[in-house]
Amino acid sequence: MVKDGAVEALKKCFSSRMEFGTAGLRAAMGPGVSCMNDLTIIQTTQGFCRYLEQSFGNLKERGVVIGYDARAHPPSGGSSKRFARLAAAVFISQGVPVHLFSEITPTPFVPFTVSHLGLCAGIMVTASHNPKQDNGYKVYWENGAQIVSPHDAGISKAIEENLEPWPESWNTEEALKTPLLKDPYQDITTQYFQAIQRHCHHREINKNSQVKIVHTSVHGVGHTFVQSAFEAFDLHPPYPVEEQKDPDPEFPTVKYPNPEEGKGVLTLSFALAEREGASVVLANDPDADRLAIAEKQESGQWRVFSGNELGALLGWWLFHCWREQNSDAAAVKSIYMLASTVSSKILRAIALKEGFHFEETLTGFKWMGNRAKDLLDQGKSVLFAFEEAIDRFGRYCN
């Protein structure tokens, strides 16, 4: 940049530090304090580590989990895997056990691991559906939900107080050899797909279903895990879009790797569906925590459902399945569904008719996740939560 006289680019990279918020960090990979790079990852993790030490007296017994997607940026040398290893090295240098996934994972595996293993926190290195040059750093609290205020301010303050890299923070090679480092990949993969089977209500219908489904992971991490989820429910495996099946940080077939782009992202999926005679298309974003669905209409046209439409359909279906299995009329009083304030209120209308509870939260799945955990701790059952963006869902269990 200096050689090229790129003064404005230098200013952009070094003039202001990334702000840590409830969504963690998200920025382009590159040099400077405004970008995602080795130094800013170390600084962020040092601050987070200190904040966790202040918050949990047993951090060194419980530990944290770290996952990552397949993003990489060769010009800067940054990648999700490298950032995850640097974050692990920081925690290990302070004697904190780290459950570091050895392979790319979908984002939902990280909060699941936090809850399943009773950890203090989790980190997912991903920029979700952002452009290819971006990366991010999502943080989960001990309840398995993304952080909310005042944790964001506390972590941000701790980052500012710990900007100088600690001596061992760069030492990923030694960190990978320590007994403080564990790989949860195999165990969590097994446990996750066992856990979701409690939501399989019509296994025989699934086995005999003739519905053909196409799935695209849009060059992200979702392919293997979606195939496993279908197997767990005894559904015939979906047809994968070969051109988009494998992780590729260049996202070569799409302008933006975001299912919210609708038909532009689904062009290859529709073509495969036409060849195979499939009537349903599923699309995940690159870290597999969003879902878009399209269905072929009788006219031959494809309809891409909005997030509100999917929330209504899935919420109704989950309550229908719950009611089939619960004959006690009074039990409905302990059932809850949630949606954020920007989302459709159709679940409220269903709740008024059926007798269960509906609650509205602030915008963002972090609010629904935290509220759902509060309700579960009170002995309630949270069947479903959603936000209108295509589309993020939650299914919670006691």
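Bear in mind that the values here come from a model prediction, so they are computed numbers and not experimental data.

**Quick word on helix H15 (residues 365-377)**
Note: α-helices contain 3.6 residues per turn, so residues at a spacing of three or four share the same orientation. Here H15 contains 13 residues, and its C-alpha end-to-end distance of 18 Å stays within 8% of the 18 Å for a straight helix at 1.5 Å per residue. Directly beyond the C-terminal end of H15, a positive phi value near 85 degrees is found at Gly379.

**Brief notes about unusual backbone geometry**
In this structure, the amide linkage connecting Ser149 to the following residue, Pro150, adopts the cis form with an omega of 10 degrees. Backbone geometry at Val218 places phi at a positive 50 degrees, although glycine is not the residue there. Take Val218: it is sitting in the loop between strand S9 (213-216) and helix H10 (222-232). Take Val218: its relative accessible area is 0%, and that puts it in the buried class. Residues other than glycine seldom take positive phi values, yet Phe251 does so here, at roughly 45 degrees. Mapped onto the fold, Phe251 is located in the loop between helix H11 (242-245) and helix H12 (267-276).

**Description of the environment of Ala329**
Topologically, Ala329 is positioned in the loop between helix H13 (307-325) and strand S14 (335-340). On the basis of relative accessibility, which here comes to 66%, the residue Ala329 falls in the exposed class.

**Details of the environment of Ala87**
Relative to the helices and strands, Ala87 is located in helix H4 (residues 80-93). The class for Ala87 is buried, based on a relative accessible area of 0%. Taking the C-alpha atoms as reference points, Ala87 and Val98, 11 residues apart in sequence, are found 9.4 Å from one another.

**Points about the sheet that holds strand S13 (residues 302-304)**
Sheet architecture is open: five strands sit in the order S10-S9-S11-S12-S13, paired in mixed fashion. Each of the sheet's edge strands pairs with one partner strand only, and the pair in question is strand S10 (239-240) and S13. Pairing analysis gives five bridges linking strand S11 (residues 280-284) to strand S12 (residues 291-296), with the strands arranged antiparallel. The partner of Asn284 across the bridge, within S12, is Leu291. Each of S9, S10 and S11 is contacted by H10, which is oriented at about 150 degrees to S9, the strand it contacts most.

**Considerations on the sheet that holds strand S1 (residues 25-28)**
Spatial ordering of the open sheet is given by S1-S7-S6-S2-S5-S8, a layout of six strands whose pairing is mixed. A single partner strand is all that each edge strand has here, and the edge strands are S1 and strand S8 (181-182). Where strand S2 (residues 64-68) meets strand S5 (residues 98-100), three bridges bridge the pair, whose relative direction is parallel. Paired with Ile66 across the bridge in S5 is Leu100. Where H4 meets the sheet, it contacts S2, S5, strand S6 (121-125), strand S7 (134-140) and S8, and its direction lies at approximately 165 degrees from that of S2. The strands that helix H5 (residues 109-117) touches are S2, S5, S6 and S7; relative to S6, the one it contacts most, it runs at about 160 degrees.

**As for the pattern of salt bridges**
Taken as a whole and assessed by the stated rule, the structure comprises 20 salt bridges. Between Glu161 and Lys157 there is a salt bridge, and its shortest N-O distance comes to 2.6 Å. Assessed through its relative accessible area of 52%, Lys157 is described here as exposed. Between Lys177 and Glu174 there is a salt bridge, with its nearest N and O atoms 3.7 Å apart. Relative accessible area serves as the criterion here: at 45%, Glu174 is assigned to the partly exposed category. Several salt bridges converge on common partners, so that one network encompasses Lys138, Asp287 and Asp289.

Conventions we followed
- Residues numbered from 1 in each chain as written.
- Predicted model: local features only at pLDDT ≥ 70, side-chain atom pairs only at ≥ 80, totals over all residues.
- Heavy atoms only, no water.
- Helix = DSSP H or I, 4+ residues; strand = E, 2+ residues; numbered from the N terminus.
- Expected span 1.5 Å × (residues − 1).
- Buried < 20%, exposed > 50% of the residue type's maximum accessible area, 1.4 Å probe, protein only.
- Pairing = 2+ DSSP bridges.
- Contact = heavy atoms within 4.5 Å.
- Axes fitted to C-alpha atoms, helices over the stretch in contact; angles between N-to-C directions.
- Salt bridge = Lys/Arg side-chain N within 4 Å of Asp/Glu carboxyl O.

Scope: geometric values only; no functional claims are made or implied.
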